[in-house]
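# What the coordinates show
The residues making up each chain are set out below.
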Amino acid sequence: MMRIVVVGGTGLIGSQVVTRLREHGHDAVPASPASGVDTLTGEGLKEVLVGADVLVDVSNSPSFADDDVMSFFRTATSNLVAAGTDAGVGHFVALSVVGADRLPDSGYLRAKVVQENLIEEGGLPYSLVRATQFLEFAGAVADSATSGGTVRLPDAGVRPIAAEEVAAFVARTAAGSPLGGTLEVAGPDVLGMATWVRTVLTARADEREVIADPRAPYFGTLLEQDSLLPGEGAELGRIGLRDWLA
């Protein structure tokens, strides 16, 4: 049994990570502002990390504005690395995004790369889990690209993955030995982004028209066909879009 502190442990991914770790006999502790742990101010970090073997970060910025998200990940990650070092944590696991290092025009993805670099250079044994887009976020992707009732999205390739499978990969990584590198995880289906989002909206009886436009930006950046696709060594989930919708 290990004591594993999960920052962001009450969110979509974090809550499931905590559940899976507990099911396997670990002492999984969710940490969030609601539990008195604030990664931006450092409040509560020292206390929650007492006796921790592993630190998992699946938290996210409350604002996706470029300056806000950069400030969040730079400050929070620096505080986590420092607190984890002081506590003698033996493994730092963080959730990131497939393709983040290939898309510097996206403020959010630039910030995720800064997060990764701070962890890699921080001195703690680490594992980075890079995931593709969550199936659950199709609606948010559509909302970000909607104008006048029309959704314009690139049809670049994506392999969307169910949140529960992301949580399973993160939990398994946390319970294992540090990778000292990156694990990519993705869903089983290769789809066009516009096709994926259109399928979800249709299933939800959402009447917005989805148009595939190669010039349409995705959260501030233009995409090549393979910008968001993982490499050959990625581990794949089993829940495809059709099963998830069912």
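Now for a description of the structure that goes with this document. Here the structure is a predicted model, which is why all the values come from computation and not from measurement.

A word on unusual backbone geometry. With a phi angle near 60°, A205 is a residue other than glycine that sits in the positive phi range. By the element assignment, A205 lies in the loop between α7 (193-203) and β11 (209-212). Looking at A205, the relative accessible area reads 65%, which means it is exposed. Its identity is not glycine, yet F219 carries a phi of approximately 45°, on the positive side. On the secondary structure map, F219 appears in the loop between β11 and β12 (235-236). Its relative accessible area of 38% is what places F219 among the partly exposed residues.

So, about the sheet that holds strand β5 (residues 126-131). Spatially, β2-β1-β3-β4-β5-β9-β12 is the arrangement adopted by the seven strands of the open sheet, whose pairing is parallel. Because the sheet does not close on itself, it has two edges, and the strands there are β2 (27-31) and β12. Alignment of strand β9 (residues 182-186) against β12, held across two bridges, turns out to be parallel. Bridge assignment links V185 to a residue of β12, and that residue is E235.

Read from one edge of the open sheet, three strands run β6-β7-β11, paired in mixed fashion. The outermost strands of the open sheet, each flanked by one partner alone, are β6 (146-147) and β11. Packing against the sheet, α7 makes contact with β7 (150-153) and β11, and its axis sits at approximately 170° to β11.

Once that is clear, we can look at the nonpolar core. By size, the foremost hydrophobic cluster in this structure holds 35 residues, and its most contacted members are L153, M193 and W196. Elements supplying a minimum of two residues to this core: α3 (66-87), α4 (107-120), α5 (138-144), β7 and α7. Considering each element in turn, this core owes the most residues, six residues, to α7. Leave out the neighbours within four places in its chain, and M193 touches V141, L153, P154, D155, A156, V158, Y218, L223 and L228. Counting 25 residues, the second largest nonpolar core, distinct from the first, contains A28, A131, A171 and L183.

This part takes up the packing of aromatic side chains. What the rule picks out here adds up to five aromatic pairs. A centroid spacing of 5.1 Å and a plane angle of 85° characterise the contact between F72 and F73, whose relative ring orientation is edge-to-face. The residues F72 and F73 share a single accessibility class, namely buried. Each ring, one from Y218 and one from F219, has its centre 4.9 Å from the other, and the planes form 80°; the classification is edge-to-face. An aromatic cluster of at least three residues, connected via ring pairs, comprises F64, F72, F73 and Y108.

Quick look at the environment of V54 now. Structurally, V54 can be placed in strand β3 (residues 54-57). Residue classification places V54 among the buried residues on the basis of a relative accessible area of 1%.

Under the definition given, this model contains nine salt bridges. A salt bridge links D27 to R3; the shortest N-O distance between them is 3.1 Å. With D27 in strand β2 and R3 in strand β1 (residues 3-7), the pair connects residues that are 24 residues apart, well separated along the chain. On the basis of relative accessible area, R3 is assigned to the partly exposed category, the value being 22%. A salt bridge links R215 to D213, with the shortest nitrogen-to-oxygen separation between them at 3.5 Å. Taking relative accessible area as the criterion, R215 reaches 69% and is therefore assigned exposed. Residues participating in the shared-partner salt-bridge network are D101, E116 and R130.

The rules behind each value
Residues numbered from 1 in each chain as written. Predicted model: local features only at pLDDT ≥ 70, side-chain atom pairs only at ≥ 80, totals over all residues. Heavy atoms only, no water. Helix = DSSP H or I, 4+ residues; strand = E, 2+ residues; numbered from the N terminus. Buried < 20%, exposed > 50% of the residue type's maximum accessible area, 1.4 Å probe, protein only. Pairing = 2+ DSSP bridges. Contact = heavy atoms within 4.5 Å. Axes fitted to C-alpha atoms, helices over the stretch in contact; angles between N-to-C directions. Core = buried A, V, L, I, M, F, W, Y, C linked by side-chain atoms within 4.5 Å. Phe/Tyr/Trp six-rings, centres within 6.5 Å; stacked < 30°, edge-to-face > 60°. Salt bridge = Lys/Arg side-chain N within 4 Å of Asp/Glu carboxyl O.

Remember, this is a structural readout, not a statement about activity or role.
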